[in-house]
Amino acid sequence: MAGLEQGLVQVYTGEAKGKSTAAFGLALRACGHGLKVLIVQFMKTPDYGEHKAFPRLAPEVEVKTFGRKGFIHRGGARPEDYEQARAALAFARETMHSGRVDILILDEINNALYFGLLTEAEVLAFLAERPPQVEVVLTGRNAPAGIIAAADLVTEMRQVKHPYEKGIKARKGIEY
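Within an unreviewed UniProt entry, the label attached to the protein reads Cob(I)yrinic acid a,c-diamide adenosyltransferase, and the organism entered is Neomoorella glycerini.

Structure follows, in structure tokens:
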């Protein structure tokens, strides 16, 4: 396949599990058709299972992580958190314009917006620069209204039931 004729903007948001997982499924499907995929992760470290899985399942899918260990609390971000988010967006922008990706997944960028690490205006400007043949996928809870309005497809994950409600913590290989 020679790439996409038309790229769109997709958003996977909502309170339930599955946003990143849906984007990673899209990445696998795309590489099965010869498309080039880059996953830029905001606020994550290489401790997540996808860092081990993609090199084995789909080595052509590049995963680049920008984040530090530990949690960020709203209003409690460190200078390093802002630097990492800006570096992630700059790397995504450079790669988006390089012609070497068909699909660009901005994993957890909506959370970076929620925590104030980036502004909605910065991300909307990024989306306005998107070459027409590049698909951009934004994941994470709390997608702002402006991002939703700019998207061509929005899927909201709605939680009906979750094991956390029974005191079951996040499990390696399932939730991360």
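Asks: Just checking my understanding: could you explain unusual backbone geometry for this structure?
Replies: For glutamate 108, which is not glycine, the phi torsion reads 70° and is therefore positive. Take glutamate 108: it is sitting in the loop between strand E4 (103-107) and helix H4 (109-114). Residue glutamate 108 is classed as buried on the basis of its relative accessible area, which comes to 15%. Of note in the backbone geometry, asparagine 142 takes a positive phi value of approximately 60° without being a glycine. Inspection of the secondary structure puts asparagine 142 in the loop between strand E5 (135-139) and helix H6 (145-150). Take asparagine 142: its relative accessible area is 32%, and that puts it in the partly exposed class.

Asks: Looking at this structure, how should I read the pairing of strand E3 (residues 61-66)?
Replies: Put simply, side chains in a regular strand alternate between the two faces of the sheet. Bridge analysis of strand E2 (residues 37-42) against E3 gives 6 bridges, and the strand direction is parallel. Note on E3: the bridge partner recorded for glutamine 41 is threonine 65. Traced from E2 through helix H2 (residues 50-57) to E3, the parallel crossover comes out right-handed.

Asks: For this particular structure, what's the right way to read the packing of aromatic side chains?
Replies: What characterises a pair of aromatic rings is the spacing of the ring centres plus the angle enclosed by the ring planes. Within this structure, the stated rule accounts for 4 aromatic pairs. Centre to centre, the rings of phenylalanine 24 and phenylalanine 54 are 5.8 Å apart; their planes meet at 90°, and the pair counts as edge-to-face. Of this pair, phenylalanine 24 sits in helix H1 (residues 19-32) while phenylalanine 54 sits in helix H2; the two residues are 30 residues apart in sequence, bridging distant segments of the chain. Its relative accessible area of 5% is what places phenylalanine 54 among the buried residues. Centre to centre, the rings of phenylalanine 66 and phenylalanine 91 are 5.9 Å apart; their planes meet at 45°, and the pair counts as tilted. Of this pair, phenylalanine 66 sits in strand E3 while phenylalanine 91 sits in helix H3 (residues 79-98), placing them 25 residues apart in sequence. Across the pair, phenylalanine 91 and phenylalanine 66 agree in class, each one buried. Against the face of tyrosine 48 rests lysine 44, its NZ or CZ located 4.7 Å from the ring centre.

Asks: Please explain the sheet that holds E5 as it appears in this structure.
Replies: Strand pairing in a sheet relies on backbone hydrogen bonds. The paired strands run either parallel or antiparallel. Taken together, the 6 strands give an open sheet; going across it, the order is E3-E2-E4-E5-E1-E6, and neighbouring strands pair in parallel fashion. Each having just a single partner strand, E3 and strand E6 (153-157) make up the two edges of the open sheet. Going from strand to strand, the sheet's axes swing by 15° on average, the running direction of each strand aside. Here E4 runs beside E5; their pairing, made up of 4 bridges, is parallel. Bridge pairing in E5 links leucine 106 to leucine 138.

Asks: For this particular structure, what's the right way to read the environment of leucine 153?
Replies: Mapping leucine 153 onto the fold places it in strand E6. Here the alpha-carbon distance between leucine 153 and valine 136, two residues 17 residues apart in the chain, equals 11 Å. Setting aside residues no more than four positions away along its own chain, leucine 153 makes contact with Val9, Gln10, Val11 and Tyr12.

Conventions we followed
Residues numbered from 1 in each chain as written. Predicted model: local features only at pLDDT ≥ 70, side-chain atom pairs only at ≥ 80, totals over all residues. Heavy atoms only, no water. Helix = DSSP H or I, 4+ residues; strand = E, 2+ residues; numbered from the N terminus. Buried < 20%, exposed > 50% of the residue type's maximum accessible area, 1.4 Å probe, protein only. Pairing = 2+ DSSP bridges. Right-handed = clockwise from strand over helix to strand, strands pointing away. Phe/Tyr/Trp six-rings, centres within 6.5 Å; stacked < 30°, edge-to-face > 60°. Lys NZ or Arg CZ within 6 Å of the ring centre and 35° of its normal. Axes fitted to C-alpha atoms, helices over the stretch in contact; angles between N-to-C directions. Contact = heavy atoms within 4.5 Å.

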